[in-house]
Amino acid sequence: MYQIALCDDEIEELNAVEGILNSYGEKNEDYEFLLRRFESAEKLLDLMERKEYAPDLLLMDIYMPGATGIETAKKLREMGNSSRIIFLTTSREHALEAFSVNAVQYLVKPISPDTFYPVLDEVFDALRDEAFQYILFQTDNHVRKVAVSDIICCEAQRKKQCVYLTDGESITLHLTMKKLCELIDGYREFTKVGASYIVNLEHIEQMSTQALWMDNKKEIYLPRGSYKVLREQYFNYYCGRAEQT
């Protein structure tokens, strides 16, 4: 399920674009999305700054009272946000500025299905290809999208799981180890170590028969007899990655 934010200060435009999106969704059932409307950039920016909302695609007008679409996009990029942005506006005047904030497209109103559908096709195809590079975690108050490459390891702490990230942050998840294993099933990067750990093979810095060390300096002791299996998984992973490249 993809999250789409639609930001425009004019109700008629919100309704028109929403209608086109709904029609597109009916014709493309493989691309499920949830649309959220905003009548001001400030409200959208506030939610995203507090990490309570993270749309995959942002459809935004440029001419709005308060913060313009371009100003909002610049703030989002400064925050490190990488949401795909499509500007929907009445003038070509700001096209160069739009692409300076890595907008994927700049469409001039009125928006029609003939021009909008092909752009949506490209965006959703790219999101689909990218989706497997991320995992969605449900935390206490919001959904967090985390890059697989940023996950060093996961540690069971009673009925909670602690996910350690490359930037030094950790995320606490209220779920069982079994559920976490189901969540990451299919990702070659991860392997279970004993009853308490899931490690990302990309982040193993050193390994011995008794323990392994992750690149965040965390030491994980190996259960008896697990070294041989883990070593084989480690080499198979890197050999497979080399073949893919």
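Residues numbered from 1 in each chain as written. Predicted model: local features only at pLDDT ≥ 70, side-chain atom pairs only at ≥ 80, totals over all residues. Heavy atoms only, no water.

A. Structural detail: unusual backbone geometry. Geometrically, the link from lysine 109 to proline 110 is a cis peptide bond, its omega value of 0 degrees lying close to zero. Within the fold, proline 110 resides in the loop between strand E5 (105–108) and helix H5 (113–131). Despite not being glycine, lysine 51 has its phi angle at roughly 60 degrees, a positive value. Among the structural elements, lysine 51 can be located in the loop between helix H2 (41–49) and strand E3 (57–60). The backbone phi angle of asparagine 102 is positive, close to 60 degrees, even though this residue is not glycine. (Helix = DSSP H or I, 4+ residues; strand = E, 2+ residues; numbered from the N terminus.)

B. Structural detail: the packing of aromatic side chains. Inspection of every chain in the model, using the stated rule, returns eight aromatic pairs. Residues tyrosine 2 and phenylalanine 124 carry aromatic rings whose centres are separated by 5.5 Å and whose planes lie at 45 degrees to one another, so their mutual orientation is tilted. Remark: phenylalanine 124 occurs in helix H5 and tyrosine 2 occurs in strand E1 (residues 2–7); sequence separation between them is 122 residues. The two residues tyrosine 2 and phenylalanine 124 agree in class, both being buried. Centroid distance tyrosine 24 to phenylalanine 124: 5.8 Å. Interplanar angle 15 degrees. Geometry classified as stacked. With tyrosine 24 in helix H1 (residues 11–27) and phenylalanine 124 in helix H5, this residue pair connects regions lying 100 residues apart in the sequence. Among the residues examined, phenylalanine 124 registers a relative accessible area of 0% and is labelled buried. Here the basic side chain of arginine 36 rests over the ring of tyrosine 53, its NZ or CZ set 5.0 Å away from the ring centre. Sitting over the face of the ring of tyrosine 134, lysine 145 holds its NZ or CZ atom 4.8 Å from the ring centroid. (Phe/Tyr/Trp six-rings, centres within 6.5 Å; stacked < 30°, edge-to-face > 60°. Buried < 20%, exposed > 50% of the residue type's maximum accessible area, 1.4 Å probe, protein only. Lys NZ or Arg CZ within 6 Å of the ring centre and 35° of its normal.)

Nothing here speaks to function; it is geometry throughout.
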